[in-house]
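# Structural description and commentary
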Amino acid sequence: MSDRSFFPYTASKPAAVLFATLFAVSGAVHLYQAIRTRTWFMFVLVAGTVLQVLGYVTRKIAIDQDPLLWAFGTSQTSILVAPAFLAAQDYMIIGRMMSYVGIKGTIIPHRFITKTFVFIDVICLITQAAGIAMFVSNVSKFDPDSRKAVLRGRNILLGGLVLQIVAFCIFLIIAILFHLKTRRLMNEKRDEKDGEKARSLRPLFIAFYASGFFVTGRSVFRAIEFGVIDFQTRSRGYLYDNEWPFYVLDAAPILFATILFNFVHPASFLPRKKGLETTTPVKETSSRRWWSRGKAEKESPRDPSTV
């Protein structure tokens, strides 16, 4: 590592290649799943994995040709903002589950919830991208103007991360309340079709909680990482100056959350058509997994009596 290096440590090339490959494989499977099952809303997660692959490929280039600003900046920005797509996917999955269970299982209309939190997530994404871009373009410089730019970038970035954490925690409360109401529905209609279909959503709830844990935990790590930077010295804090926390507390959790939805895919539990409730007859049932579906059968229209 030279004095002009963008990396404050000797960055690992094999690790960058490994994570680029793993995200590429998971993303390719997600693309196949989304097309095969026609769950187009899952393309949000596909976009997130594309950003992850871009981030680790450019990280490898940045390591090979250090210092190379465009590669380092692209890598940092892509890897930092990609989890916002995973958070948006979580919002959309719960929204679909609310739509499937119907109004009896929700406190707030699912369309309002999904649109509101996805909009907040877009704000978080833009804020984080702007902050990290300003930060990385000046972090290796130590003149007063560059230090001010780094501080501004850090503060903008922290604002986006904190907003993402707060928004997801609020959404988590809404999701838990929805889950509790769904469990009540299971108990009240234990032997009926509504109760059976509500019980079939359990794996998807577990996947959502696990994904939310990984995404929020990673955002907390990033907020601490950038929050403890000391601008009075060349030390930027242990978390920033060492590589292993990045892979253990950012790369690995987001990879696990991405792969999780390869195995617990929403297409296995929800109808493709948004708006179908548990009271609506659906030929394509949750017992059929995405890998066993050929041409999907056409869902029946919503029963007017359920509107």
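Here goes a summary of the coordinates provided. (Residues numbered from 1 in each chain as written. Predicted model: local features only at pLDDT ≥ 70, side-chain atom pairs only at ≥ 80, totals over all residues. Heavy atoms only, no water.)

### Notes on a nonpolar patch on the surface
Judged by side-chain polarity, Leu-31, Ile-35, Trp-40 and Phe-43 come together as a nonpolar surface patch covering roughly 380 Å² of accessible area. Tracing the backbone shows Phe-43 in helix α2 (residues 43–64). (Patch = residues over 30% accessible without salt bridge, like charges linked within 9 Å, V, L, I, M, F, W, Y side chains within 5 Å. Areas by Shrake-Rupley, 256 points an atom, 1.4 Å probe, with all protein chains shown as cover. Salt bridge = Lys/Arg side-chain N within 4 Å of Asp/Glu carboxyl O. Helix = DSSP H or I, 4+ residues; strand = E, 2+ residues; numbered from the N terminus.)

### Things to note about helix α9 (residues 244–263)
Its 20 residues place the ends of α9 27 Å apart at the C-alpha level, agreeing with the 28 Å of an ideal helix rising 1.5 Å per residue. Taking the largest bend as the criterion, α9 deviates by roughly 30°, centred on Ala-251, and proline Pro-253 comes between one and four positions later. (Expected span 1.5 Å × (residues − 1). Bend = angle between axes of the 7 residues up to and from the residue.)

### What to know about the environment of Gln-52
Looking at where Gln-52 falls in the secondary structure, it is placed in helix α2. Separated by 29 residues in the primary sequence, Gln-52 and Phe-23 place their C-alpha atoms 6.6 Å from one another. The contacts of Gln-52, once residues within four sequence positions are left out, are Phe-23, Ile-79, Ala-82, Pro-83 and Ile-254. (Contact = heavy atoms within 4.5 Å.)

### As for empty space enclosed by the protein
As enumerated under the stated definition, the model contains five cavities of 30 Å³ or more in all. Of the voids in this model, the largest cavity is the one considered here, and its volume is about 100 Å³. If you trace the largest cavity, you find it lined by Phe-7, Pro-8, Tyr-9, Arg-59, Phe-72, Gln-76, Arg-222, Glu-225, Leu-239, Tyr-240, Asn-242 and Phe-246. The set of elements that each furnish at least two residues to the lining of the largest cavity consists of α3 (69–101), α7 (202–227) and α8 (238–241). Class assignment for the residues of the lining of the largest cavity results in seven nonpolar, two polar and three charged. (1 Å grid on protein atoms, 1.4 Å probe; cavity = no way out; pocket = protein on both sides within 12 Å on 5 of 7 lines; lining within 4 Å. Points joined across faces, edges and corners; volume = space filled by probe spheres on them. Nonpolar A, V, L, I, M, F, W, Y, C, P; charged D, E, K, R; others polar.)

### Topic: the packing of aromatic side chains
Within this structure, the stated rule accounts for 26 aromatic pairs. Of the aromatic side chains, those joined through ring pairs into one cluster are Tyr-91, Phe-117, Phe-168, Phe-171, Phe-178, Phe-205, Phe-208 and Tyr-209. (Phe/Tyr/Trp six-rings, centres within 6.5 Å; stacked < 30°, edge-to-face > 60°.)

### Description of the pattern of salt bridges
This model, assessed by the stated rule, comprises six salt bridges. With a shortest N-O distance of 2.5 Å, Asp-64 and Lys-60 are connected by a salt bridge. Highlighted residues: Asp-64 and Lys-60, both in helix α2, separated by four residues, approximately one helical turn. With a relative accessible area of 38%, Asp-64 lands in the partly exposed category. (Buried < 20%, exposed > 50% of the residue type's maximum accessible area, 1.4 Å probe, protein only.)

### Describing the environment of Leu-151
As for its placement among the helices and strands, Leu-151 is situated in helix α5 (residues 144–188). Note: C-alpha distance between Leu-151 and Asn-138 (13 residues apart in sequence) is 9.6 Å.

### Things to note about the environment of Ala-24
Tracing the chain through its elements places Ala-24 in helix α1 (residues 13–37). Taking the C-alpha atoms as reference points, Ala-24 and Thr-49, 25 residues apart in sequence, are found 7.0 Å from one another.

### Considering the side chain of Thr-37
Summarising the element assignment, Thr-37 is placed in helix α1. Given a relative accessible area of 2%, Thr-37 falls into the buried group. Reaching out from Thr-37, the side chain makes a polar contact with the backbone oxygen of Gln-33 at a distance of 2.6 Å. (Polar contact = N/O pair within 3.5 Å; in protein donor to acceptor, adjacent residues only side chain to side chain.)

### With respect to unusual backbone geometry
Of note, the bond from Asp-66 into Pro-67 is cis; its omega dihedral lies within 30 degrees of zero at 0°. Topologically, Pro-67 is positioned in the loop between α2 and α3. With phi around 55°, Arg-38 is a residue other than glycine that occupies positive phi space. As for its placement among the helices and strands, Arg-38 is situated in the loop between α1 and α2.

### A closer look at the nonpolar core
Among the nonpolar cores identified, the biggest contains 67 residues, and Tyr-56, Ile-94, Met-97, Phe-135, Leu-201, Phe-226 and Tyr-247 are the most heavily contacted of them. Listing elements by their share of this core, those giving two or more residues are α1, α2, α3, α4 (110–136), α5, α7 and α9. With 13 residues, α3 is the single largest residue contributor to this core. Not counting the four nearest positions on each side in its chain, Leu-201 is found in contact with Met-97, Tyr-100, Val-101, Phe-269 and Leu-270. (Core = buried A, V, L, I, M, F, W, Y, C linked by side-chain atoms within 4.5 Å.)

### Concerning α3
Compared with the 48 Å implied by 1.5 Å per residue over 33 residues, the 49 Å span of α3 between its first and last C-alpha is a close match. Counted residue by residue, α3 has 28 buried out of 33 residues, so it is predominantly covered.

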